[in-house]
Amino acid sequence: MTTSDSEGSSAAAPEPAGPAPGGRRRFSLNRNAAALALVSAAAGAVAAAFLTPLAEHWINDLFDEPSCPGEACEGKNPQGQGCAEGARTFKPEVDNPALLQIRYSEDCKSVWARIQQGSPGDQVTVKVAGGTARAAEIDYDNDKFTDMAAVPDGEFQVTACAVPKAGGKSTYEAYCVHATEASTWR
């Protein structure tokens, strides 16, 4: 199509303008960059999940082995190491107002103590005769467990104590329970 101007010359009508230089391509690059960022974030989340104690626990379950037998469990969280699975419990039925218990994992060769009816600020301790001691304090709610303390192969003696916070809500007095490898573990 041609047009004429006032001087009678003919000129071709301008063609519609195409996309701005790099316009469509820039959109495509932005979309690709966004997709790459999304994939990277997802991969990072998956990697982070496998680095958490829960993921470590799942991996241990796959292989049906604790991740830290014996001394390697010292000071570690029993749940995060797969030691709580199959652990046995010593919990006196009488004279136990805070429901203090000792947990023992034969596979992990470790013990830990748990208080079930305490108050924030109350403390729970576990001590292996000739070994280490661990303590934990209730932050909120009414229960807490200590980290693990390794026990020797064969005979061992362990003591767990519940200590109420001075001026706290608990009404029981500090007390301890004792167990050995020969105790009645359930």
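Below is a summary of the structure that appears in this document. Small disclaimer: the values here were computed from a predicted structure and weren't measured.

Definitions and cut-offs
Residues numbered from 1 in each chain as written. Predicted model: local features only at pLDDT ≥ 70, side-chain atom pairs only at ≥ 80, totals over all residues. Heavy atoms only, no water. Helix = DSSP H or I, 4+ residues; strand = E, 2+ residues; numbered from the N terminus. Contact = heavy atoms within 4.5 Å. Core = buried A, V, L, I, M, F, W, Y, C linked by side-chain atoms within 4.5 Å. Buried < 20%, exposed > 50% of the residue type's maximum accessible area, 1.4 Å probe, protein only. Disulfide = S-S within 2.5 Å. Polar contact = N/O pair within 3.5 Å; in protein donor to acceptor, adjacent residues only side chain to side chain. Lys, Arg positive; Asp, Glu negative; His and termini not counted. Salt bridge = Lys/Arg side-chain N within 4 Å of Asp/Glu carboxyl O.

Digging into the overall build of the protein
Each helix and strand in the protein was counted, giving two helices and eleven strands. Along the chain direction, N to C, the helices and strands of the protein fall in the order β-β-α-α-β-β-β-β-β-β-β-β-β. The contacts of the protein with a sequence gap of at least 6 include a subset with a gap of at least 24, amounting to 52%.

Quick word on unusual backbone geometry
Positive phi, close to 50°, is recorded for Asp95, a residue that is not glycine. Along the chain, Asp95 turns up in the loop between strand 3 (88-90) and strand 4 (100-105). In this structure, Lys109 is a non-glycine residue whose phi angle is positive, near 50°. Among the structural elements, Lys109 can be located in the loop between strand 4 and strand 5 (110-115).

Focus: the nonpolar core
Grouped burial of nonpolar side chains is what soluble globular proteins tend to show. Core analysis: the biggest nonpolar cluster contains 24 residues, and Ile102, Val111 and Val158 have the highest contact counts within it. Elements that contribute at least two residues to this core include exactly strand 4, strand 5, strand 6 (123-128), strand 10 (157-163) and strand 11 (175-180). Ignoring any residue separated from it by four or fewer positions in sequence, one finds Val158 in contact with Ile102, Val111, Val126, Lys127, Val128, Val177, His178 and Ala179. Listed in part, the seven residues of the second largest apolar core include Cys73, Cys83, Trp112 and Met148.

Topic: the state of the cysteines
Here the structure, examined in full by the defined rule, presents three disulfides. Covalent S-S linkage joins Cys68 and Cys73, the inter-sulfur distance amounting to 2.1 Å. Taking the torsion about the sulfur-sulfur bond, which here is approximately 95°, the covalent link between Cys68 and Cys73 counts as right-handed. Judged by its relative accessible area of 0%, Cys68 is buried. Overall, the relative accessible area of 0% leaves Cys73 in the buried class. Across the disulfide from Cys83 sits Cys108; the S-S distance is 2.0 Å. Measuring handedness by torsion sign, the sulfur bridge of Cys83 and Cys108 sits at about -90° and is left-handed.

Quick word on the environment of Glu173
By secondary structure assignment, the location of Glu173 is in the loop between strand 10 and strand 11. Sequence separation of Glu173 and Pro97 is 76 residues, and the distance between their C-alpha atoms is 8.9 Å.

Observations regarding the environment of Asp139
Tracing the sequence through the fold places Asp139 in the loop between strand 7 (133-137) and strand 8 (144-145). Taking the C-alpha atoms as reference, Asp139 lies 6.4 Å from Gly121; in sequence the two are 18 residues apart. In this structure Asp139 touches Pro120 and Lys144, once residues within four positions along its chain are discounted. Within the structure, Asp139 has its side chain in polar contact with the side chain of Lys144 (distance 3.3 Å).

Quick look at the side chain of Arg103
Relative to the assigned elements, Arg103 resides in strand 4. Among buried Asp, Glu, Lys and Arg side chains, Arg103 stands out as unpaired, with Glu85 the closest opposite charge at 8.0 Å. A distance of 2.5 Å separates a polar atom in the side chain of Arg103 from a polar atom in the side chain of Thr89.

In short, shape yes, function no, at least from these values alone.
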